[in-house]
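# An overview of the molecular structure
If you want the building blocks of each chain, they are given just below.
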There are 2 protein chains.
Amino acid sequence: MSAIPPVPAPSPVWSVDPRTGERREQVGAEATPEVVDSAVLAAHAARGALADRAVRSAFLRSAADQLEAGRDEFVAAADAETALGTARLTGELARTCYQLRSFAGSVDEGSFLDVIISHPDSSATPPVPDLRRYKIPLGVVAVYSASNFPFAFSVAGGDTASALAAGCPVVVKAHPDHPATSELVAAAVRRAAAEHGIPAGVLGLVHGFEAGVSLVEHPLIAAAGFTGSVRGGRALFDAAAARPTPIPFHGELGSLNPVWITEAAAAERAEEIGAGLAGSMTMGVGQFCVKPGLVLAPAGPAGDQLLKSLGRSLADTGAGVMLDHRMRDNFVTGVAERADLPHVEAPVTPGPGADNHTVAPGFLTVPAAELVQDQGPHALLLEECFGPVTVVARYADAAEAEALLARLPGNLTATLHVSGAQAAGADGGAELLARLTPLAGRVLVNAWPTGVAVAPAQHHGGPYPATTSTSTSVGTTAAERWLRPVSYQSTPDALLPPELREDNPLGLPRVVDGRRE
Amino acid sequence: MSAIPPVPAPSPVWSVDPRTGERREQVGAEATPEVVDSAVLAAHAARGALADRAVRSAFLRSAADQLEAGRDEFVAAADAETALGTARLTGELARTCYQLRSFAGSVDEGSFLDVIISHPDSSATPPVPDLRRYKIPLGVVAVYSASNFPFAFSVAGGDTASALAAGCPVVVKAHPDHPATSELVAAAVRRAAAEHGIPAGVLGLVHGFEAGVSLVEHPLIAAAGFTGSVRGGRALFDAAAARPTPIPFHGELGSLNPVWITEAAAAERAEEIGAGLAGSMTMGVGQFCVKPGLVLAPAGPAGDQLLKSLGRSLADTGAGVMLDHRMRDNFVTGVAERADLPHVEAPVTPGPGADNHTVAPGFLTVPAAELVQDQGPHALLLEECFGPVTVVARYADAAEAEALLARLPGNLTATLHVSGAQAAGADGGAELLARLTPLAGRVLVNAWPTGVAVAPAQHHGGPYPATTSTSTSVGTTAAERWLRPVSYQSTPDALLPPELREDNPLGLPRVVDGRRE
């Protein structure tokens, strides 16, 4: 006789104060597979409500309005859970609203539909029939929120905004660092949906690690977007690829974001570059995906001066609170492991702050030769370390710097600092840039990678492990991740979707027989 | 004391005559991992030679010229290995040349570079710096040839042409059904390369199953294109996803290509539809990826008449030789298994032809209800069967037809046959089309899916297992599979690639601050 095992109660989800490590409040419970299934089914049922592009763009604008209307409440909630500070979070919320409205504009404009029409052409080999192609939504998208951007890369962030813009309902897996903020933002988006008669299921929200795994494996999930660690992202990527029906998985996993400072640049602007680097690497307590984590600085006096400037600026930067205590522990341990390596020095030691909850910024130096030759423990220095630390590799000459660049994994960004003469094209400036291009999805000159603008020409992605696909998660083209083309052949005008009819009733931009209209 | 094991001799590769099953000649040997490595390294070394777009397009045109110059030889070689016949192969070669020249035109025109420029905008949130985006080649592409198109989907076929157009060198894994043709075509392409100073390594060619596995796992392979079976394609897709650095895998695996014939269409055009179906399903001995493999025909007299017309046309179609004896055996076995299922009938029995080498076309019928309700053995009828057979599901009403459509896996094509009134928009014609769109990448009305035109608006791909990505392998947009975007931020004009300079020295089509130029 066997007893029926009791159904375990779902684990509670807690909102935690990173400034103290203490629980603030319970925010619901981790989603069981049944709860995940309900959320996906509700999202799937809502997809028809997004079919009309005018409704879709109005919904996105209303979502921005709702976020702005509750700004103070949302910022306070996010600060209590992330310690990112009111100023930064207010800016991040504004960015999130700008992004939602930007995608609304893109939905109205219609270029993302990629309408291409080929009229019949009997001179082609083989002859071309009437063909009309555009892009349609893939289906329900799973979005995995980031820890470090509770607004801009979370519930109503770029993945969600671009998916809704593409016509895809979304189920978000909340990040455990800001569950209460996630619930507030989801409710705001659902209020916006209700204004346009769109069911609340258009934006699902689930909590819990296991829920995230169930989500990517759900048969009705058609694609996924992820921002987080290499370990977590790769596990979900693998699960997406192993499904009976594999799905596109657009993950942003990790990036060193190398910065190459030429000898001439250091000679010309050591103070400025050192100060700029300090600002970029400590922004958001070093918790940006585009934090410069590896700096190639010349050996010798100009480089020395640059590092002194960096050190002074870091000394002026106070300790900060990281997003959670696990991250803080990983930072402290990760920095210590790196600092213990042979030939590694810590002119300004990064590590634990004065109390149990903060961390102090700093940097490590290592001869570039160690990273070029060594296949052993120094490889750790070429792995991302989340938090306010950067590794400065001192190179003897350009050849050594290039040899080190050749060993790097893929990155979101790669930055070049050059002299005025090099910027004008002298001394092989263009060749230097060509060395960086294979490494990253965004290449900067005499600038810093932190701060990712929302713009049509933006590309936030890069060779693996920066991202698992060739697409971007920021900027207008991010919507293309959630679409697939379909071509109609020999289809009477009366049966075609209006986007493809001969007289272009919606006034869409399109390419007809090779000509842009 | 241990003996050094002898190095096994590489297995010979044979060209086989499918009309007799006999070996014609030895064509080299299966590639060892060392040979694969050499081919990939040579391709990687050749990538710089493709950097200049003018050279690239001239090379593609020369490749077409070389193929045309050797046409009779190539067609004879392919016919000897595939039995596809001189007429069909002459047409296929012409298509292949047209495709190469079409991509050359696309390279010259430059839209595929997707140039987007965002000028600085301090009114944006956050402010937008100068950003300039275009697309660059991914690197060396692995191409897995198809059995059924020795020219158009093989060594110089769409995957190779689009990869070269994108600036990516290629290593082809030859299909074992036409190794001699593969070598001849590769030599022709290399002659074209030599005309433009491009190293021969720009197009590698390897033989053997194991070589194909080594190829997709090679660290310098940046992406792969595949046309073939679900089983083989999925294994390579899995290998591509499991790499330390996963790569995009654009595989075309399998497709039923459903055809839905409405009651009204059958009543109006039973004879014509039956004859058209016979022509489409037997084209190339039923060995097309877009062969209509499942037909939804109404029960009742109009459907009966349609099937009589189909049967008469099939009776007029002679037996044919399949690409190899393994395929022939699979066809004969696969048809017999399907015909043995309960409630399945074979009004014209497909199966072995009069001799040991041919197969005769035919079709099976089954009540649609069996496929809607049954989760058991009838599921076999929803799997692709390569060769001249189609399964006709007789449906009682539109609801039953729709229920069956809802059970289908993804497809390359879905076809609707409607009456004149439905084509004009009456009787819910547009709604019928909307039912088919989720199933496929190309939707046809009153036409047949065989024959895939090379055109800007073409889309040859579809939901899994039709393809493993959302891209196309035919048509102008096929080149996008081998590119990735990169964005340059705050980069002085003197350092930018010419494609992105402010004054547009190359005259490229581009989008600047949202406006097309």
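Placed above this text is the structure.
The paragraphs below set out a description of the structure included in this document.

Calculation rules
- Residues numbered from 1 in each chain as written.
- Chains lettered and ligands numbered in written order.
- Predicted model: local features only at pLDDT ≥ 70, side-chain atom pairs only at ≥ 80, totals over all residues.
- Heavy atoms only, no water.
- Least-squares fit on C-alpha atoms with pLDDT ≥ 70 in both.
- Contact = heavy atoms within 4.5 Å.
- Helix = DSSP H or I, 4+ residues; strand = E, 2+ residues; numbered from the N terminus.
- Buried < 20%, exposed > 50% of the residue type's maximum accessible area, 1.4 Å probe, protein only.
- Pairing = 2+ DSSP bridges.
- Right-handed = clockwise from strand over helix to strand, strands pointing away.
- Buried area = accessible area lost by both parts, 1.4 Å probe.
- Salt bridge = Lys/Arg side-chain N within 4 Å of Asp/Glu carboxyl O.
- Polar contact = N/O pair within 3.5 Å; in protein donor to acceptor, adjacent residues only side chain to side chain.
- Nonpolar A, V, L, I, M, F, W, Y, C, P; charged D, E, K, R; others polar.
- Phe/Tyr/Trp six-rings, centres within 6.5 Å; stacked < 30°, edge-to-face > 60°.
- Axes fitted to C-alpha atoms, helices over the stretch in contact; angles between N-to-C directions.

## Side note on the relation of the copies chain A and chain B
What connects the two chain copies is a rotation about an axis and a shift along it. When chain A is fitted to chain B, the best match, at an RMSD of 0.0 Å, comes from turning it 180° and sliding it 0.0 Å along the axis. The relationship between the two copies is best expressed as a two-fold rotation axis. When C-alpha positions in chain A are compared against the rotation axis, the closest is assigned to Ala241 of chain A, at 3.3 Å. By residue overlap, the copies meet face to face through one surface: 100% of the interface positions of chain A are interface positions in chain B.

## Observations concerning the environment of Ile273 of chain B
Residue and element names in this part refer to chain B. When you line up the elements, Ile273 lands in helix H9 (residues 263-282). Of the residues examined, Ile273 reaches a relative accessible area of 1% and is grouped as buried. Sequence-wise, Ile273 and Ala239 are 34 residues apart; in three dimensions their C-alpha atoms are separated by 43 Å. Apart from the residues lying within four places of it in its own chain, the contact partners of Ile273 are Ile261, Ala265, Ala266, Leu306, His417 and Trp448.

## Some points on unusual backbone geometry
With an omega of -5°, the peptide bond running from Thr125 of chain B to Pro126 of chain B counts as cis. Summarising the element assignment, Pro126 of chain B is placed in the loop between strand S3 (115-118) and strand S4 (131-137). Between Tyr464 of chain B and Pro465 of chain B the backbone carries a cis peptide bond, its omega angle lying at 5°. If you trace the backbone, Pro465 of chain B turns up in the loop between strand S19 (440-445) and strand S20 (483-489). Unusually for a residue other than glycine, Asn257 of chain A sits at a positive phi of about 55°. Inspection of the secondary structure assignment puts Asn257 of chain A in the loop between strand S9 (249-252) and strand S10 (258-261). Of the residues examined, Asn257 of chain A reaches a relative accessible area of 0% and is grouped as buried.

## As for the pairing of strand S8 (residues 221-227) of chain A
Residue and element names in this part refer to chain A. Extensive coverage of S8 is indicated by the burial of seven of its seven residues. As judged from the five bridges shared by strand S5 (residues 140-144) and S8, these two strands associate in the parallel manner. Bridge pairing links Val143 to Gly225 in S8. Pairing analysis gives four bridges linking S8 to S9, with the strands arranged parallel. Directly across from Phe226, in S9, lies its bridge partner Gly251.

## Side note on the pairing of strand S7 (residues 203-206) of chain A
Residue and element names in this part refer to chain A. Side chains Leu203 and Leu205 project from S7 onto one buried face, and the interleaved Gly204 and Val206 project onto a second face that is buried too. Relative to S7, strand S6 (residues 170-173) runs parallel, the two being bridged by four bridges. The residue bridging Val170 from the neighbouring strand is Leu203, located in S7. The β-α-β motif built from S6, the intervening helix H6 (residues 179-195) and the parallel element S7 has right-handed crossover chirality.

## Quick notes on the interface of chain A and chain B
Taken together, the contact pairs 70 residues of chain A with 70 residues of chain B. Here chain A meets chain B over a buried area of about 5,600 Å², counting both sides, of which 61% is carbon and sulfur. Considering only the side of chain A, the residues that lose the most area to chain B are Ala457, Gln489 and Leu495 of chain A, jointly responsible for 12% of the buried surface there. If you look at where chain A meets chain B, you find zero salt bridges. Here chain A and chain B share 30 residue pairs in polar contact (both at pLDDT 80 or more) between them. Where the side of chain A that touches chain B is concerned, the elements lending two or more residues are helix H4 (86-109), strand S3 (115-118), strand S4 (131-137), helix H8 (230-242), helix H14 (420-423), helix H15 (429-436), strand S19 (440-445) and strand S20 (483-489) of chain A. At seven residues, S20 of chain A tops the list of elements feeding residues into the side of chain A that touches chain B. By residue class, the composition of the side of chain A that touches chain B is 44 nonpolar, 17 polar and nine charged. Pairing between S19 of chain A and S20 of chain B: three bridges, direction parallel. Bridge pairing in S20 of chain B places Val443 of chain A opposite Tyr488 of chain B.

## Brief notes about the packing of aromatic side chains
A complete count under the given rule lists 10 aromatic pairs over all chains for this structure. With a centroid separation of 6.2 Å and 80° between ring planes, the pair formed by Phe237 of chain B and Phe249 of chain B is classed as edge-to-face. Here Phe237 of chain B is found in helix H8 (residues 230-242), whereas its partner Phe249 of chain B is found in strand S9 (residues 249-252), with 12 residues between them in sequence. Here a set of aromatic residues connected by ring pairs shows up, and it is made of Tyr144, Phe226, Phe237 and Phe249 of chain A.

## Regarding the pattern of salt bridges
All names here are of chain B. Enumeration over the complete set of coordinates arrives at 34 salt bridges over all chains. Between Asp79 and Arg19 there is a salt bridge, with the nearest N and O atoms lying 2.9 Å from each other. Within this pair, whereas Asp79 is found in helix H3 (residues 71-82), its partner Arg19 is found in the loop between strand S1 (12-17) and strand S2 (22-29), the two being separated by 60 residues in sequence. In this structure Asp79 comes out as buried when scored by relative accessible area, which is 15%. Between Asp114 and Lys135 there is a salt bridge, with its nearest N and O atoms 3.0 Å apart. Here Asp114, found in the loop between helix H4 (86-109) and S3, pairs with Lys135, found in strand S4; they are 21 residues apart in sequence, far enough to count as distant.

## Some remarks on the sheet that holds strand S16 (residues 362-367) of chain B
Across the sheet, 12 strands lie side by side as S22(A)-S21(A)-S3(A)-S4(A)-S20(A)-S19(B)-S18(B)-S10(B)-S11(B)-S17(B)-S16(B)-S13(B); this open sheet has mixed pairing. Two strands lie at the open edges of the sheet, namely strand S22 (515-516) of chain A together with strand S13 (345-348) of chain B, each paired on one side alone. Of the strand pairs in this sheet, strand S11 (residues 294-298) of chain B and strand S17 (residues 389-395) of chain B are connected by five bridges, and their pairing is parallel. Paired with Leu294 of chain B across the two strands is Val391 of chain B, which belongs to S17 of chain B. Along the sheet face, H9 of chain B touches strand S10 (258-261), S11, S16, S17 and strand S18 (411-417) of chain B and points at about 155° away from the line of S10 of chain B. With respect to the sheet, helix H15 (residues 429-436) of chain B is in contact with S20 of chain A together with S10, S18 and S19 of chain B, its orientation differing from that of S18 of chain B by roughly 160°.

## Here we look at the side chain of Ser473 of chain A
Residue and element names in this part refer to chain A. Relative to the helices and strands, Ser473 is located in the loop between S19 and S20. The exposure class assigned to Ser473 is buried, which follows from its relative accessible area of 7%. The contacts of Ser473, once residues within four sequence positions are left out, are Phe153, Gly158, Asp159, Glu252, His460, Ala478 and Arg481.

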